[in-house]
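Chain by chain, the residues:
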Amino acid sequence: MRIEIKDLHFTYPSGVQALRGISLTIESGEQVAIIGQNGAGKTTLARHLNGLLQPTSGEVRIGYWDTRRYSTAKLAARVGYVFQNPDEQLFSRDVHMEVAFGPKNLGYPKERVEALVSEALEMTDLLQKRETNPYDLSPTWRKMVAIASVIAMDTPIVIFDEPTTGQDAATIERIANVIRVLRERGKTILTITHDMDFCAENFERVIVMSQGQVLLDGKANDVLGQEEILATTYVEPPQLTRLGKRLGFKETVRNEEEFLTALQKRWRI
Amino acid sequence: MSLNRSFFVPIDSPLHRLNPLTKLTFVFAMIISAFLSVPDMAPALAVLVLLTGFIGKVQRQYRTVLLKLILPAILFMFVMQSVFLPGGETILIQVGRFDVARENVRAAFLTVSRVFVMVSSFAILLLTTHPSKLMADLTRRGLPPQLAYVIISTLQILPQMQAKAQTILSAQRSRGLDTESTFLKRVRAIVPLVGPLVFGSLVEVEERAIAIEARGFTSPRAKTFLYEVPDTRADRLIRWTLVIFTLLSLAARIWLS
């Protein structure tokens, strides 16, 4: 499902201008990472996509739905939003009920809810823990429950707000895997992140925000190569990218594979 | 995105400059006099409290508190008491099967004045006093820090819970929770909203306890204070005046009735 944002401005009641004229189109099935310094407007932008915030001016369309005309509960059928802090949404007695809450709200038939829940639990490695009370799980696993509870809604668009913050390598890998599976199913994915390695390894398109505007938008390699511009919004390219630059590689590299290929190319010369 | 986490309005005014204890004395002097002195005192004090708000230059914020919080409550009380208090001889009007007696309207007016004095004077204290300064001053005067903590966290907890509730509401609406249509759906929406709020608040309390303990909260040594809270001669004068006023108003009650 296509996301279309036209000249979006947003000012908080306190007078803070969080978004100043954002225009973007995200095509169906794209995987996009949004990066930028704290307070750049990333979360504010994401919250416009499911109607939690309404534009001060400009418009947001989710597959022809103008977000001003639909409630968040309605938009939830199109946009799944994984919040940063899982504790702000978990309330059920056990993991299974928690994950089933979203799809039930969307009014799916019982068999479909069950199928979606099982699938989501499998994707997040939670099958063994389906009877557990979410609050008996560690914060890491609670995060996975929150992710599962949104994937189970089977929305064409999924937003992750800083999914990897404070997580260990195993969990990050698990989250990356979830994103991979969603990509294969043709979902549109938006991820807000400060984790540059995670961004470089999992996303094809990167949008850089600064002071409520889009600073850079393009293919991950093109964007991550622009060290000076990124520095203005306090973003540092991944280590390998910077190392590649220092070694004088012509192309921008962002993961081990690309780095090794570029290195071999140089040795052969 | 700075949320105002307490009632305090950070400006400068004569009331802001007063020592917190002086303002606290004012609050209690007003409340004690309004409730325990001769009944006719309460409306007079209500006017006095109302005017005090202007010295504090917090009229705008005070008006908000007044309109949104105090007025609806006391109007409701006034109507209920006027209509439903038993007894009363001089009937003014009849509301359905109930008689509204002059005596009851008078009693309702007095009760409402007392409640107004109580809530309003507290509102003025909170609007013009930074909670930390209030507690620093009271602790310096010998209030146990544990008690100060209980009071200060109570003052802060409502705005904090409000912010938290807002986030939870957003998270659950993003999961398709309908909080806007029929009454039944709204009632059903309570559990997913209250659950994380209560649990989250409990966790927060525990974390905060650990955090302040890690900074030596219960250390038995004498502590220094971050804030120098000035206590002027004018402050002492006002306080003693208020104390004498309170005593006189109590005496009036004993001798005049």
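The model shown is predicted, which means the values in this text are computed figures rather than measured ones.

Caption draft 1: Structural detail: the environment of Ala108 of chain B. Residues and elements named next belong to chain B. With respect to the secondary-structure elements, Ala108 resides in helix α5 (residues 102-128). For Ala108, a relative accessible area of 0% gives the class buried. In this structure the C-alpha to C-alpha distance between Ala108 and Ser33, which are 75 residues apart in sequence, comes to 18 Å. In this structure, Ala108 is in contact with Phe78, Gln81 and Ser82, ignoring residues within four places of it in sequence.

Caption draft 2: Structural context of the domain arrangement of chain B. Assigned domains within chain B: domain 1 (1-129 + 230-257) and domain 2 (142-226). Between domain 1 of chain B and domain 2 of chain B, the C-alpha centre-to-centre distance is 29 Å.

Caption draft 3: The arrangement of a negative patch on the surface in detail. All names here are of chain A. A cluster of like negative charges, contributed by Asp197, Glu201, Glu256 and Glu257, occupies part of the molecular surface. Mapped onto the negative patch, the elements with two or more residues apiece are α7 (196-202) and α11 (256-268). With respect to the helices and strands, Glu257 occurs in helix α11. Since its relative accessible area comes to 64%, Glu257 is described here as exposed.

Caption draft 4: The arrangement of the environment of Thr188 of chain A in detail. Residues and elements named next belong to chain A. With respect to the element layout, Thr188 can be found in strand β8 (residues 188-192). A relative accessible area of 0% places Thr188 in the buried class. In sequence terms Thr188 and Gly29 are 159 residues apart; their C-alpha atoms lie 4.2 Å from each other. When near neighbours in sequence (up to four residues on either side) are disregarded, Thr188 contacts Met1, Ile3, Ile26, Glu27, Ser28, Gly29, Glu30, Pro156, Ile157 and Val158. One polar contact links the side chain of Thr188 to the main-chain amide nitrogen of Gly29, over a distance of 3.0 Å.

Caption draft 5: Looking closely at the interface of chain A and chain B. Contact residues are listed per partner, giving 26 residues for chain A and 17 residues for chain B. Approximately 1900 Å² of surface area, both sides summed, lies buried where chain A meets chain B, with 63% of it carried by carbon and sulfur atoms. Counting the contacts that link chain A with chain B gives one salt bridge. In this structure, the salt-bridge partner of Arg175 of chain B is Glu98 of chain A, at a minimum N-O distance of 2.9 Å. At the junction of chain A with chain B, the criterion picks out six residue pairs in polar contact (both at pLDDT 80 or more). Those elements giving two or more residues to the side of chain A that touches chain B turn out to be α2 (72-75), β6 (79-82) and α3 (95-105) of chain A. The element that contributes the greatest number of residues to the side of chain A that touches chain B is α3 of chain A, accounting for four residues. Residues of the side of chain A that touches chain B, tallied by class, amount to 14 nonpolar, nine polar and three charged.

Caption draft 6: Examining the pairing of β6 of chain A more closely. All names here are of chain A. Burial along β6 is two-sided: Val79 and Tyr81 and Gly80 and Val82, pointing in opposite directions, are all buried. Sheet topology note: the β6/strand β7 (residues 157-161) ladder contains four bridges and is parallel. Its bridge partner being in β7, Tyr81 is matched across the sheet by Ile159.

Caption draft 7: Quick look at the sheet that holds strand β10 (residues 213-219) of chain A. All names here are of chain A. Reading across from one edge, β6-β7-β8-β3-β9-β10 is the order of the six strands in this open sheet, with mixed pairing throughout. Looking at the sheet topology across the chains shown, the edges are occupied by β6 and β10. Mean inter-strand twist for the sheet, computed between neighbouring axes without regard to direction, equals 15°.

Caption draft 8: Main features of the pattern of salt bridges. In total, this model carries 26 salt bridges over all chains according to the counting rule given. Taking the shortest distance from any N to any O, the salt bridge between Asp40 of chain B and Arg106 of chain B comes out at 3.6 Å. Of this pair, Asp40 of chain B sits in the loop between α2 (20-36) and α3 (41-55) while Arg106 of chain B sits in helix α5; the two residues are 66 residues apart in sequence, bridging distant segments of the chain. In the salt-bridge network here, residues are joined through shared partners; they are Lys6, Glu59, Arg61, Asp66 and Arg68 of chain A.

Caption draft 9: The arrangement of the sheet that holds strand β2 (residues 17-26) of chain A in detail. Residue and element names in this part refer to chain A. In space, the four strands of this open sheet follow the order β2-β1-β4-β5, with antiparallel pairing throughout. The open sheet is flanked by β2 and β5 (65-66), the only strands paired with a single partner. Where helix α1 (residues 42-49) meets the sheet, it contacts β1 (3-11), β2 and β4 (57-62), and its direction lies at approximately 125° from that of β1.

Caption draft 10: Inspection of the layout of surface pockets at higher detail. Residue and element names in this part refer to chain B. Put simply, the second largest pocket is a space of about 890 Å³. In terms of lining, the second largest pocket is formed by 21 residues, of which the most central are Thr139, Pro145, Phe217, Lys223 and Phe225. Mapped onto the lining of the second largest pocket, the elements with two or more residues apiece are α6 (131-140), α7 (145-174) and α9 (190-214). Per-element tally for the lining of the second largest pocket: the top contributor is α7, with five residues. Here the lining of the second largest pocket is built from residues that sort into eleven nonpolar, six polar and four charged.

Caption draft 11: Focus on the packing of aromatic side chains. Throughout the structure, instances matching the rule amount to nine aromatic pairs over all chains. Between Phe249 of chain A and Phe259 of chain A, the aromatic rings sit 5.5 Å apart at their centres with planes inclined by 50°, giving tilted as the arrangement. Within this pair, whereas Phe249 of chain A is found in the loop between α10 (239-246) and α11, its partner Phe259 of chain A is found in helix α11, the two being separated by ten residues in sequence. You can call Phe259 of chain A buried: its relative accessible area is 11%. The ring of Trp65 of chain A carries Arg78 of chain A above its face, with NZ or CZ at 3.6 Å from the centroid. Residue placement shows Lys223 of chain B over the ring face of Phe217 of chain B; its charged tip is 6.0 Å from the ring centre.

What counts and what doesn't
- Residues numbered from 1 in each chain as written.
- Chains lettered and ligands numbered in written order.
- Predicted model: local features only at pLDDT ≥ 70, side-chain atom pairs only at ≥ 80, totals over all residues.
- Heavy atoms only, no water.
- Helix = DSSP H or I, 4+ residues; strand = E, 2+ residues; numbered from the N terminus.
- Buried < 20%, exposed > 50% of the residue type's maximum accessible area, 1.4 Å probe, protein only.
- Contact = heavy atoms within 4.5 Å.
- Domains from an automatic or database assignment.
- Patch = residues over 30% accessible without salt bridge, like charges linked within 9 Å, V, L, I, M, F, W, Y side chains within 5 Å.
- Areas by Shrake-Rupley, 256 points an atom, 1.4 Å probe, with all protein chains shown as cover.
- Salt bridge = Lys/Arg side-chain N within 4 Å of Asp/Glu carboxyl O.
- Lys, Arg positive; Asp, Glu negative; His and termini not counted.
- Charge placed at Lys NZ, Arg CZ, Asp CG, Glu CD.
- Polar contact = N/O pair within 3.5 Å; in protein donor to acceptor, adjacent residues only side chain to side chain.
- Buried area = accessible area lost by both parts, 1.4 Å probe.
- Nonpolar A, V, L, I, M, F, W, Y, C, P; charged D, E, K, R; others polar.
- Pairing = 2+ DSSP bridges.
- Axes fitted to C-alpha atoms, helices over the stretch in contact; angles between N-to-C directions.
- 1 Å grid on protein atoms, 1.4 Å probe; cavity = no way out; pocket = protein on both sides within 12 Å on 5 of 7 lines; lining within 4 Å.
- Points joined across faces, edges and corners; volume = space filled by probe spheres on them.
- Phe/Tyr/Trp six-rings, centres within 6.5 Å; stacked < 30°, edge-to-face > 60°.
- Lys NZ or Arg CZ within 6 Å of the ring centre and 35° of its normal.

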